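Given next are the chains, with one letter for each unit.
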Amino acid sequence: MAPYTQQKTVVIGAGPVGALAALYAARRGDAVEIYELRDDLRNPSTIPLNFTKSINLALSERGINSMRQAQCPGLLDAVLAETIPMHGRMIHGEEHGKLYEQSQTYDVRGRFIRAIDRAGLNKRLLDELERMPNVTFYFNHKLTGADFNRRIAWFEQRSKPVAGPRPPEIEINFDFMIGADGAHSAVRFHLMKYARMTYQQEYIETLWCEFRIDPSLDGTFRLSPNHLHIWPGQEFMFIAIPSMDSSFTSTLFLPASHFAELDRSPSTLVDFFKDRFPGVVPDLISEADLVKQYSENPHLPLINIKCAPFHYSSSVAILGDAAHAMVPFYGQGMNAGLEDVRVLYDFLDAYRPSPGSMPGGSDGMRERALSEFSKFRTSDAHVINDLALRNYQEMRSDVTSPIYKLRKWIEEK
Ligand code: FAD
């Protein structure tokens, strides 16, 4: 009988989902290789994803439980220590010339979501992987091709000096590939040539631009730190999420055509903010800072992707944004991606071959696990995509409906 050989799992993409997937694979003893297009995120000169300084995210139980199940001692405590509880949303507005704030709690039993810095979480997961002897990183490696029958993949080595017209390419083999390479996934692109994949993509009309609200002069938060703040504008909105350094990361969500109008002059932008987001300028962001941040920070699109299946044969599965990129309004894109990892490994564990099985026997088991995963996960992913789209209406408009005012009145009685 041939000896049992260690399974080689390659993970494409070292974002939060790829990093967690690599941890799950490494904890099971696989030889794990992680290939990442960009340089190591922990290197200060690395250009962050989307070219913004940071994205603050809402971390919910969906994502927390997936880290809990990773069974890495101390990981979850370390992650949660760098979060800020958000017990509800705070709606900002103006009535009869007076500014008002209305707190709308998320849960009658006091449960809450948490604000977290995406880069911070990502770095923490990479640090955890660094400590594992069966994990190897390949930064500056871009997946350019894959043969999912022969289990071979090709990468451009971007850190190497280029002698010819293109960077040098390497070829690797693998037993199992996990594609966690984001919304514009190369793994998904190649998977489409093998699986009969149904695919749907849409860009919504809204773009987003990030701003920062600095701490006040005495270093404290300028707004309640335990809320997700919303300035609803019916067709658009401005939000703010707390950060550990007492600042807020804020985002303007606005139709592209409206951005084009604001581009006309700095005064158009300032007047728009004063008129539609009362209390922001100059109380939280100065006029000059608003104009500077608006012109320096990119205005980025929002994509919604649904596809199925999420796998081919026993050789590849896609997770996270690669499988279901969604608009950010439900705060669940990363959380759902982290949950994909837990669900995938629930199926892989259920179909895991016993140690000592013949090489190749594990392929059949993995194929069944991946097929079950795809079937089980597709409908959940599609529903979360739909809820995310629907929740934009909730955040930018419905939060001001009389029903919330009535609820608040009842809570106060
Ligand atoms: P990514 O984070 O996109 O990582 C993919 C990685 O793959 C990248 O590092 C990339 O460099 C690498 N890569 C790409 N192509 C290749 C290649 N060819 N070869 C090798 N590597 C490659 N989610 C939440 O849960 N809560 C929130 O509150 C929230 N708010 C958001 C707010 C905004 C404004 C936006 C835009 C998103 C928000 N999201 C939120 C969504 C969240 O950011 C994403 O769902 C999450 O980052 C997806 O993680 P991922 O690891 O699947 O993909």
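Residues numbered from 1 in each chain as written. Predicted model: local features only at pLDDT ≥ 70, side-chain atom pairs only at ≥ 80, totals over all residues.

A. Region of interest: helix H2 (residues 61–68). When H2 is considered as a whole, its buried residues turn out to be Gly-63, Ser-66 and Met-67. Down the axis of H2, the smallest arc covering the buried residues is 100°, so these residues share one side. Looking at the packing, one finds that the buried side of H2 touches helix H1 (16–27), strand S3 (56–59), helix H3 (75–81) and helix H10 (333–350). (Buried ≥ 20, exposed ≤ 12 C-beta atoms within 10 Å, placed from the backbone. Helix = DSSP H or I, 4+ residues; strand = E, 2+ residues; numbered from the N terminus. Arc of directions from axis to C-beta. Contact = placed C-beta atoms within 7 Å.)

B. Examining the site of the ligand more closely. If you check the shell around the ligand, you find 33 residues, and the closest are Gly-13, Gly-15, Gly-182, Gly-320 and Gly-333. Among the elements of the structure, H1, strand S2 (31–36), S3, strand S9 (141–147) and H10 are those that each provide at least two residues to the shell around the ligand. It is H10 that contributes the most residues to the shell around the ligand, four residues altogether. Within the shell around the ligand, the residues separate by chemical class into 16 nonpolar, 11 polar and six charged. (Near = placed C-beta within 6 Å. Nonpolar A, V, L, I, M, F, W, Y, C, P; charged D, E, K, R; others polar.)

C. Local environment of the sheet that holds strand S17 (residues 300–308). The seven strands are arranged S6-S5-S14-S15-S16-S13-S17 in an open sheet whose pairing can be described as mixed. Both outer strands of the open sheet, strand S6 (98–105) and S17, are each paired with one neighbouring strand and no more. Mean inter-strand twist for the sheet, computed between neighbouring axes without regard to direction, equals 30°. Sheet topology places strand S15 (residues 237–242) next to strand S16 (residues 248–255); six bridges connect them, and they run antiparallel. If you follow Ile-241 over to S16, its bridge partner there is Thr-249. Sitting on the sheet, helix H11 (residues 361–396) touches strand S14 (227–232), S15 and S17, and the angle it makes with S17 is about 150°. (Pairing = 2+ DSSP bridges. Axes fitted to C-alpha atoms, helices over the stretch in contact; angles between N-to-C directions.)

D. How the structure looks around H10. Its 18 residues give H10 an end-to-end C-alpha distance of 26 Å, which sits within 8% of 26 Å, the value for a rise of 1.5 Å per residue. Of all 18 residues in H10, 13 are buried, a share of seventy percent or more. (Expected span 1.5 Å × (residues − 1).)

E. Molecular detail of the environment of Thr-251. Structurally, the position occupied by Thr-251 is in strand S16. On the basis of neighbour count, Thr-251 is assigned to the buried category, with 20 C-beta atoms found within 10 Å. The spatial distance from the C-alpha of Thr-251 to the C-alpha of Arg-212 is 8.5 Å, given a sequence separation of 39 residues. When near neighbours in sequence (up to four residues on either side) are disregarded, Thr-251 contacts Trp-208, Glu-210 and Ile-239.

F. Geometry of the packing of H2 against H10. It is at 7 Å that the axes of H2 and H10 come closest, and there the two elements cross at 35°. The way H2 lies across H10 gives a crossing that is left-handed. Where H2 abuts H10, its residues Arg-62, Gly-63, Asn-65, Ser-66 and Met-67 lie against Met-334, Asn-335, Ala-336, Leu-338, Glu-339, Val-341 and Arg-342. Residue composition of the contact of H2 with H10, by class: five nonpolar, four polar and three charged. (Left-handed = near helix turned anticlockwise from the far one by under 90°.)

G. Seen up close, the confidence of the model for the chain. Model confidence for the chain is summarised by a mean pLDDT of 93, while 91% of its residues fall at 70 or above. Per the prediction output, this complex has pTM 0.94; the corresponding ipTM is 0.99. (pLDDT = per-residue confidence, 0-100.)

H. Quick look at the domain arrangement of the chain. Partitioning the chain into structural domains gives domain 1 (8–85 + 114–198 + 306–393) and domain 2 (88–111 + 202–301 + 397–412). With centres defined by C-alpha atoms, the gap from domain 1 to domain 2 works out at 32 Å. Between domain 1 and domain 2, the residue contacts involve 13 residues of the former and 15 residues of the latter. For the side of domain 1 that touches domain 2, the residue count by class is six nonpolar, five polar and two charged. (Domains from an automatic or database assignment.)

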